[in-house]
Amino acid sequence: NAVKELVVCGMLLASRGIIEGNNHVNNVINKEEGGDYAKIDKRIEKDKAMFGGREIQGKTLGVIGLGAIGSRVVSAALGLGMNV
């Protein structure tokens, strides 16, 4: 079950661009705006559209192997409205 959750988490992270968005926010805070929170807020608000990502509902997922883990991933993906 834990592996299935990690797989689903990875799909959500990748489809939504969460890691890239987090890295961008950290770069803005630490490097680009020099601690000026008003500038940081404006910059992040301006840039957040770059990291909207995509919904996974309706997307197609290919699963190689339908053992214990693969079958659980399929079940979770179907529950999220994906085509498997």
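In this text the structure is predicted, and so the values were computed from the model without any measurement.

Engineer: Lay out the overall build of the protein in plain terms, naming residues and giving numbers.
Structural biologist: The helix and strand inventory of the protein stands at four helices and zero strands. Overall, the protein shows an N-to-C arrangement of helices and strands of α-α-α-α. Taking 84 residues into account, the globule formula puts the C-alpha radius of gyration at 12 Å, and the protein, at 17 Å, lies well above it. In terms of overall dimensions, the protein has a C-alpha envelope of 50 × 25 × 15 Å along the principal axes. Across the 84 residues that make up the protein, the buried fraction comes to 21%.

Engineer: Describe the pattern of salt bridges, listing the residues and the values that go with them.
Structural biologist: Within the structure shown, the criterion is met by two salt bridges. The closest approach of N and O atoms between Arg43 and Asp47, which form a salt bridge, is 2.6 Å. With a gap of four residues between them, Arg43 and Asp47 both fall in helix H3 (residues 37-47), about one helical turn apart. For Arg43, a relative accessible area of 22% translates into the label partly exposed. Looking at Asp47, the relative accessible area reads 7%, which means it is buried. A salt bridge links Glu45 to Lys48, with the shortest nitrogen-to-oxygen separation between them at 2.8 Å.

Engineer: Hey, could you go over helix H1 (residues 2-16) for me, with residue numbers and the actual values?
Structural biologist: For H1, which comprises 15 residues, the first-to-last C-alpha distance of 21 Å matches the rise-based estimate of 21 Å (1.5 Å per residue) to within 8%. Within the span of H1, buried status applies to Val8, Met11 and Ser15. Projected down its long axis, H1 carries its buried residues within an arc of 55°, all on one side. For H1, exposure combined with an orientation more than 90 degrees from the buried face picks out Ala2, Leu6 and Ala14.

Engineer: I'd like to hear about the environment of Asn1, residue by residue, with values.
Structural biologist: Position of Asn1 relative to the elements: it lies in the segment before H1. Through-space distance from the C-alpha of Asn1 to that of Gln57 is 21 Å; in sequence the pair is 56 residues apart. Here the side chain of Asn1 touches Lys4 through a polar contact of 3.0 Å, side chain to side chain.

Engineer: Run through the packing of H1 against helix H4 (residues 68-79), naming residues and quoting values.
Structural biologist: At a minimum axis separation of 9 Å, H1 and H4 run at an interaxial angle of 50°. Relative to H4, H1 is oriented oblique. Note that H1 runs across H4; the crossing there is right-handed. Contact residues: Val3, Lys4, Val7 and Val8 in H1; Ile69, Arg72, Val73 and Ala76 in H4. A breakdown of the residues in the contact of H1 with H4 according to their chemical character gives six nonpolar, no polar and two charged.

Cut-offs used in this document
Residues numbered from 1 in each chain as written. Predicted model: local features only at pLDDT ≥ 70, side-chain atom pairs only at ≥ 80, totals over all residues. Heavy atoms only, no water. Helix = DSSP H or I, 4+ residues; strand = E, 2+ residues; numbered from the N terminus. Rg over C-alpha atoms; globule rule 2.2 N^0.38 Å. Buried < 20%, exposed > 50% of the residue type's maximum accessible area, 1.4 Å probe, protein only. Salt bridge = Lys/Arg side-chain N within 4 Å of Asp/Glu carboxyl O. Expected span 1.5 Å × (residues − 1). Arc of directions from axis to C-beta. Polar contact = N/O pair within 3.5 Å; in protein donor to acceptor, adjacent residues only side chain to side chain. Axes fitted to C-alpha atoms, helices over the stretch in contact; angles between N-to-C directions. Parallel < 35°, antiparallel > 145°, perpendicular 65-115°, else oblique. Left-handed = near helix turned anticlockwise from the far one by under 90°. Contact = heavy atoms within 4.5 Å. Nonpolar A, V, L, I, M, F, W, Y, C, P; charged D, E, K, R; others polar.

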